[in-house]
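Here is how the chains run, residue by residue.
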Protein chains: 2
Amino acid sequence: MLISAANDANLDHLLPPLRALADPLRLRIVHLLARESLCTCHIVEATGARQTNVSNHLRQLRDAGLVHAEPRGRFTYYRLDTDAVRALGAELTGLADAADQSGDHDIPRTCP
Amino acid sequence: MLISAANDANLDHLLPPLRALADPLRLRIVHLLARESLCTCHIVEATGARQTNVSNHLRQLRDAGLVHAEPRGRFTYYRLDTDAVRALGAELTGLADAADQSGDHDIPRTCP
DNA sequence: CGCTGATATCAGCATCGGCTGATACGTTAA
DNA sequence: TTAACGTATCAGCCGATGCTGATATCAGCG
C-alpha cells in the first residue's frame, strides 16, 4: 500500500518545493497566486519588486513544480499548482502522524 | 471563525519552519527524529556530519520550533514537535484548498 | 578533585543565493 | 515595418548561510 510518495524512506523529494517556499518573496507570490492567476506584471505591481527579480523567482517556483506558466500573447499568466502544494502539506502532516504513532519517543535509545 | 493561524492575510509566520526544513541535513534530522527521539551523538553517527555542524543545525531547528531539547545528564535528547510539523502541513493543504475554491483561476485579470 | 566525554558556542572561510542592470526575444499596436 | 511593451536570460555584486576547527561548559566517573 502506498500512502504517499513519502514512502521513499527519505524525504529528499520534498527539498525542491521546500526550498522554493523558504523565501519571503516567493512565499508572497505563492500567496498571491492562491487567490487568482496573475501575469508577471501583476505580480511585479503587487510586490513592488523589480520585474527581473520577479521573473527569476517565478522560474524557481516553476522548476520546483509549484506554479505553471501559461503564455497568452505577450503576457504570461501563472497559476498555482494546488496539487503540488497539497501534496507537500500532506507529506508533512503524514510525517507528523507517523511520528506520533511510533511510540519510541518517551523511551530514548541508550547512548553509546 | 478561525480555521488556522493562516488567517493573518500573509504567510510570514510559515517562513521560519519552511527555512528550517529547506536544508538537506536538517530535513534528514527531522526524518530521523520522526522515528524516535535521539540524542546529539546518535544524530552525529546516523548522518556522518561533524558534531559541531549537527549542533548548529539542531539549534536552527529549535529556534524554528520544530524540535525540542531535553537535557538528561550530560546527554541532550531531541524530540520532534509533531504539532508544529502538522500545523505547517495543515496550512499548506489549507492554502491549496482555498486556492481551489476561489474560482478566479480560469478568468485571468486583464493586464494594464 | 581531576578527567573524560557530550554538547554548545564562536570566528573564519567558502559557497550559495538573492538582487540588480543590461540585454535579448517575442508579441501587439501604430 | 517600426516602435513600444511584456517577459526571460545573463553576468556581477554582495550579503546570507553552511561547514570547520578551536574552545568553553557541564555532567558523571575514577
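Residues numbered from 1 in each chain as written. Chains lettered and ligands numbered in written order. Predicted model: local features only at pLDDT ≥ 70, side-chain atom pairs only at ≥ 80, totals over all residues. Heavy atoms only, no water.

Side note on the environment of alanine 20 of chain A
All names here are of chain A. Considering the arrangement of structural elements, one finds alanine 20 in helix H1 (residues 15–21). When its relative accessible area of 4% is taken as the criterion, alanine 20 is described as buried. On a C-alpha basis, the gap between alanine 20 and glycine 65 in space is 9.3 Å, while along the polypeptide they are 45 residues apart. Setting aside anything within four residues of it in sequence, one finds alanine 20 in contact with Arg26, Gln60, Leu61, Ala64 and Leu66. (Helix = DSSP H or I, 4+ residues; strand = E, 2+ residues; numbered from the N terminus. Buried < 20%, exposed > 50% of the residue type's maximum accessible area, 1.4 Å probe, protein only. Contact = heavy atoms within 4.5 Å.)

Quick look at the sheet that holds strand S1 (residues 38–39) of chain A
Residue and element names in this part refer to chain A. Taken together, three strands build an open sheet; the order of strands is S1-S3-S2 and the sheet is antiparallel. With partners counted over all chains shown, the strands left at the sheet margins are S1 and strand S2 (67–72), one partner each. Judged from the two bridges that link them, S1 and strand S3 (residues 75–80) form a sheet pairing that is antiparallel. When the sheet's bridge partners are listed, leucine 38 is paired in S3 with tyrosine 78. Relative to S3, helix H2 (residues 24–35) is tilted by about 90°, and along the sheet it contacts S1, S2 and S3. (Pairing = 2+ DSSP bridges. Axes fitted to C-alpha atoms, helices over the stretch in contact; angles between N-to-C directions.)

Quick look at the pairing of S3 of chain A
Residue and element names in this part refer to chain A. Where S2 lies against S3, six bridges are found, and the strand directions are antiparallel. Within S3, the position partnered with histidine 68 by the bridge is arginine 79. Turn length for the S2-S3 hairpin, with the two strands adjacent in sequence and antiparallel, is two residues, and the turn residue glycine 73 shows positive phi of about 60°.

Description of the interface of chain A and chain B
Taken together, the contacts link 50 residues of chain A with 50 residues of chain B. Summed over both partners, the interface of chain A with chain B buries about 4,300 Å², with 66% contributed by carbon and sulfur atoms. Here aspartate 100 of chain A ties to arginine 86 of chain B by a salt bridge, and the two come within 2.5 Å at their closest N and O atoms. The tally of links from chain A across to chain B stands at ten residue pairs in polar contact (both at pLDDT 80 or more). Taken together, the elements giving at least two residues each to the side of chain A that touches chain B come down to H1, H2, S1, helix H3 (40–47), S3 and helix H5 (82–101) of chain A. Broken down by element, the residue count for the side of chain A that touches chain B peaks at 14 residues, all from H5 of chain A. In terms of residue class, the side of chain A that touches chain B is built from 29 nonpolar, ten polar and eleven charged. (Buried area = accessible area lost by both parts, 1.4 Å probe. Salt bridge = Lys/Arg side-chain N within 4 Å of Asp/Glu carboxyl O. Polar contact = N/O pair within 3.5 Å; in protein donor to acceptor, adjacent residues only side chain to side chain. Nonpolar A, V, L, I, M, F, W, Y, C, P; charged D, E, K, R; others polar.)

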